[in-house]
Amino acid sequence: MLLLGQTLRFRAKPIHVGPQDAVLHDSHGAVLVRDGRIAAVGPAATLRAAHPGEPVHDLGRALLMAGFVDAHAHYPQTGIIASWGKRLIDWLETYTFPEEMRFADPAHAARIAALYLDLNLSHGITTSCAYCTIHPGSVDALMGAAQARGLRLAAGKVMMDRNAPEGLRDTAQSGHDDSAALIARWHGVDRLTYAVTPRFAPTSSPAQLEAAGALWAANPTCLMQTHLGEQVEEIAWVGRLFPDAPDYLGVYERFGLTGPGAVMGHAIHLSAREIAALRDSGTAIAHCPTSNAFIGSGLFDAGLAETIPVGLATDVGGGSSFSMLRTMAAAYEIGQLRGRALHPAQLLWLATQGAADALRMGDAVGNLAPGREADLIALDLASTPAIAERAARADTLWEAVFPTIMMGDDRAIAGVWIAGRPSGSG
Ligand code: GUN
Ligand code: ZN
């Protein structure tokens, strides 16, 4: 199959080089898809001439690019997104934990897993890295639903053995054993990756963090995901719970929970030591800008992406949107509040290749490049009257794209392909 449209791909990281050198744009481009992978990207005329018999799907002026990758989300929070008036700890206790309790019921888990993935697809998110709940069945529900849709996905059972309500706690031993059984069942099956998932330091005993570290060491191709330095009250709490640790990240370091494949959600309030340790260990950060504004957590420093792998993330449902466009807009706004105007190329990179790199999937997805899995989206750059009016005045690609980043939503997703197959949504 030959997809025609404008094409956008990266040949370098737009954090380190300017957008003109980092991005290749073809206003009459084409993507050749074969056996679920990208076989070639180039000018439409060239690829059409080279593949005369190939079925053609013409997307017109739409922008063909890699599907969005969401580096951090909580699928069980789909139904409590946009819950009013709380900060992190109260928000967890008031809204999140009661909802997560419902995932003891496999029918509820199956319904929300399907809804979550279909919402992702309609927003052009083709891969996400998701927290489930403490219930192993919540992982089976999401992995099974992803498998049925042919999706690349990472997910894991939340490990939480203290400071959580009755009914939402495992133990160091059961959390380890249940996670190990899930790894055996799902990790590496089709396009699925398991993520060892201690929720965050306050809800795991030292024994559980140690068990999580041992499990990850025994299964090093799994990811490891947790939260770090999100709110000041949380950080003070970690200091009281782990008085011997040098800082929040030091807790995770002690238990072998840092390094490539470790993904820290938020990472807003960091000491100089923590920043250096993240950088030196190759630990990744998931930047969750709508959440950081919505729960009142703080302003992430996107400059960290110069030395630390950073991917963009919705953090559904502490985050307030399923849209990676809206999430890029929030990242832009937070950058502005910190005196750094992120370029549209940087925003798109954080939402695709940057997030894929953070999840150690950067060779498989995240860019339009031969050999990559053909998870693609087509962006309509004139999806509403307001966006169309602004885009009509654009003199450059970036002026044409930026109104969609700032004002776009699922209406801008004109097409989604999973491993080369058109998805029903979008
Ligand atoms: N820290 C621990 N759990 C959570 C969660 O579910 N959402 C967010 N935003 N932060 C957390
Ligand atoms: Zn989170």
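Time to look at unusual backbone geometry. Residue Val316 is joined to Gly317 through a cis peptide bond whose omega torsion reads 0 degrees. Mapped onto the elements, Gly317 comes out in the loop between β13 (310–312) and α12 (324–337). Notably, Asp190 is not glycine yet its phi reads approximately 45 degrees, a positive angle. Positionally, Asp190 belongs in the loop between α6 (172–186) and β9 (192–198). Given a relative accessible area of 58%, Asp190 falls into the exposed group. Phi is positive for Ala419, close to 45 degrees, though the residue is something other than glycine. With respect to the helices and strands, the residue Ala419 is situated in the loop between β15 (413–418) and β16 (421–422). Ala419 gets classed as partly exposed once you look at its relative accessible area, which sits at 27%.

It is worth spelling out the site of ligand 1 at this point. Near ligand 1 you find 13 residues, and of these His74, Gln77, Arg199, Glu230 and Asp315 are the closest. Within the side chain of His266, an N or O atom sits 3.4 Å from a nitrogen atom of ligand 1. Computed on the free molecule, ligand 1 has an accessible area of 280 Å², of which 100% lies beneath the protein chains in the complex. Tallying contributions element by element places helix α3 (residues 88–101) first for the shell around ligand 1, with 3 residues. Here the shell around ligand 1 is composed, by residue class, of 5 nonpolar, 5 polar and 3 charged.

Now for helix α5 (residues 136–149). Taking 1.5 Å per residue, 14 residues should reach 20 Å; α5 reaches 20 Å between its end C-alpha atoms and fits that length. Within the span of α5, buried status applies to Ser138, Val139, Ala141, Leu142, Met143, Ala145 and Ala146. Turning to α5, the residues buried within the fold contact α4 (106–122), β6 (125–131), β7 (152–156), α6 and β9. Of the residues flanking the end of α5, it is Gly150, one or two places downstream, whose phi is positive at about 75 degrees.

Generally speaking, a soluble globular protein has its nonpolar side chains buried in company with each other. By size, the foremost hydrophobic cluster in this structure holds 106 residues, and its most contacted members are Phe68, Tyr75, Leu142, Val196 and Leu348. Those residues within four positions of Val196 in sequence are excluded, and the remaining contacts are Met159, Ile183, Ala212, Leu215, Trp216, Cys222, Leu223, Met224 and Gln225. Core analysis: the second largest hydrophobic core is formed by 16 residues, Ala195, Val263, Ala356 and Val365 among them.

Attention now moves to the side chain of His266. When you line up the elements, His266 lands in strand β11 (residues 262–266). A polar atom in the side chain of His266 sits 2.8 Å from the side chain of Asn292. A distance of 3.3 Å separates the side chain of His266 from the side chain of Asp315, its partner in a polar contact.

Let's shift gears to the packing of aromatic side chains. Counted under the stated rule, the structure contains 5 aromatic pairs. Between Tyr75 and Tyr116, the aromatic rings sit 6.0 Å apart at their centres with planes inclined by 45 degrees, giving tilted as the arrangement. Linking Tyr75 in the loop between β5 (68–74) and α3 with Tyr116 in helix α4, this pair joins segments that are 41 residues apart in sequence. Just as Tyr75 is buried, Tyr116 falls in that class too. Their ring planes at 70 degrees and their centres at 4.9 Å tell us that Tyr332 and Phe402 sit as a pair that is edge-to-face. With Tyr332 in helix α12 and Phe402 in helix α16 (residues 397–407), the pair connects residues that are 70 residues apart, well separated along the chain. The class for Tyr332 is buried, based on a relative accessible area of 17%. Exposure remark for Phe402: the relative accessible area of 23% places this residue in the partly exposed category. Taken together, the aromatic side chains of Tyr75, Phe103 and Tyr116 make up a single cluster linked through ring pairs.

About the thresholds
- Residues numbered from 1 in each chain as written.
- Chains lettered and ligands numbered in written order.
- Predicted model: local features only at pLDDT ≥ 70, side-chain atom pairs only at ≥ 80, totals over all residues.
- Heavy atoms only, no water.
- Helix = DSSP H or I, 4+ residues; strand = E, 2+ residues; numbered from the N terminus.
- Buried < 20%, exposed > 50% of the residue type's maximum accessible area, 1.4 Å probe, protein only.
- Near = heavy atom within 4 Å.
- Polar contact = N/O pair within 3.5 Å; in protein donor to acceptor, adjacent residues only side chain to side chain.
- Areas by Shrake-Rupley, 256 points an atom, 1.4 Å probe, with all protein chains shown as cover.
- Nonpolar A, V, L, I, M, F, W, Y, C, P; charged D, E, K, R; others polar.
- Expected span 1.5 Å × (residues − 1).
- Contact = heavy atoms within 4.5 Å.
- Core = buried A, V, L, I, M, F, W, Y, C linked by side-chain atoms within 4.5 Å.
- Phe/Tyr/Trp six-rings, centres within 6.5 Å; stacked < 30°, edge-to-face > 60°.

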